[in-house]
Amino acid sequence: MGFADKLKNILFGDEEPQAEEDGNYERKDSLLTKTELEFFNKLRNLYGQKYHLQAQVSLRSVTSKTIYSKYINELFRDIDFGIFDNKTLKPLVLIELNDKTHKNADRHERDLKVRDILKQSGIPLVTFYTDKPNDEKYLYTTISEELKKYKKGLLTKFLTNKNEKVEDYIEVDDLPF
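Everything in this summary refers to the structure shown in the same document. Every value quoted in this text rests on a predicted model; they were computed, and no experiment measured them.

This part takes up unusual backbone geometry. Only a minority of non-glycine residues have a phi that is not negative, and only a minority of peptide bonds are not trans. Unusually for a residue other than glycine, Q56 sits at a positive phi of about 55 degrees. Relative to the assigned elements, Q56 resides in strand β1 (residues 52-58). Of note, N134 is a non-glycine position whose phi angle comes to about 50 degrees, a positive value. Position of N134 relative to the elements: it lies in the loop between β4 (125-129) and α5 (136-156).

Before going further, it helps to spend a moment on the sheet that holds strand β2 (residues 78-84). On the basis of which strands lie adjacent, the open sheet formed by four strands has the order β1-β2-β3-β4 and mixed pairing. Here the strands that pair on one side only, and so sit at the sheet edges, are β1 and β4. For this sheet, the mean angle separating the axes of adjacent strands, direction not counted, is 30 degrees. Examined bridge by bridge, strand β3 (residues 91-98) and β4 share five bridges and lie parallel to one another.

Once that is clear, we can look at the packing of aromatic side chains. The geometry of two aromatic rings is summed up by the distance between their centres and the angle between their planes. In this structure the tally under the stated criterion is six aromatic pairs. Considering the side-chain rings of Y47 and Y140, the 5.7 Å spacing of their centres and the 15 degrees angle between planes classify their relative orientation as stacked. You can see Y47 sitting in helix α2 (residues 34-47) and its partner Y140 sitting in helix α5, a full 93 residues away along the chain. Here Y140 falls in the partly exposed class, since its relative accessible area comes to 43%.

Below, the discussion takes up the pattern of salt bridges. A side chain of one charge can pair with a side chain of the opposite charge when the charged atoms of the two come close. With the rule as written, the count across this model stands at four salt bridges. With a shortest N-O distance of 2.9 Å, D111 and R110 are connected by a salt bridge. Each of the two residues, D111 as well as R110, counts as buried. Counted as one network, the salt bridges with shared partners bring together E96, R110 and D111.

With that settled, the discussion passes to the side chain of T63. As for its placement among the helices and strands, T63 is situated in the loop between α3 (59-62) and β2. A distance of 2.7 Å separates the side chain of T63 from the backbone oxygen of L59, its partner in a polar contact. T63 has contacts with L75, I117, L118, S121 and I123, leaving out every residue within four places of it along the chain.

Thresholds, definitions, all that
- Residues numbered from 1 in each chain as written.
- Predicted model: local features only at pLDDT ≥ 70, side-chain atom pairs only at ≥ 80, totals over all residues.
- Heavy atoms only, no water.
- Helix = DSSP H or I, 4+ residues; strand = E, 2+ residues; numbered from the N terminus.
- Pairing = 2+ DSSP bridges.
- Axes fitted to C-alpha atoms, helices over the stretch in contact; angles between N-to-C directions.
- Phe/Tyr/Trp six-rings, centres within 6.5 Å; stacked < 30°, edge-to-face > 60°.
- Buried < 20%, exposed > 50% of the residue type's maximum accessible area, 1.4 Å probe, protein only.
- Salt bridge = Lys/Arg side-chain N within 4 Å of Asp/Glu carboxyl O.
- Polar contact = N/O pair within 3.5 Å; in protein donor to acceptor, adjacent residues only side chain to side chain.
- Contact = heavy atoms within 4.5 Å.

Right, here's the structure in full:
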């Protein structure tokens with residue numbers, strides 16, 4: 001019996017699909033690679049007390065498509081890390097840690113699509129590279145700049161005069177969130 005006949009029997013007949021043999025799947029030792037785990041631990045040291053950190057963030061869980069067209073599968077991609085508001089879990093900054101595979105044409109195209117989706121959604125994406133040192137000071141400076149923009153944006157909504165600046169009233173770095 002050929003494939004088409006087997007499929008027809010499964011879909012329209014009494015034949016049940018056969019289960020795969022045992023041993024095709026196994027548990028991973030970690031959600032993250034060694035390099036990703038080291039990076040995540042740096043993020044935890046820097047932001048773990050103040051924000052919720054998440055690894056392997058599904059693009060679909062932080063964005064939604066406003067016009068449902070045939071390409072909803074473009075949201076089935078993962079971002080390496082996310083920093084979220086501790087109380088609301090609102091995504092504040094997403095982080096990619098790129099290794100040499102991101103230089104491949106297909107990965108590069110994927111990265112551009114993800115960046116575009118996040119830009120349209122208003123979620124900042126910060127990219128780091130595994131072939132760079134990525135010390136905590138550099139991570140803190142780079143990521144905190146994006147968090148500062150978010151905080152400033154929140155406060156700007158409360159200003160009534162267009163000539164006012166948030167900095168006229170408060171130091172953004174001193175905010176408790």
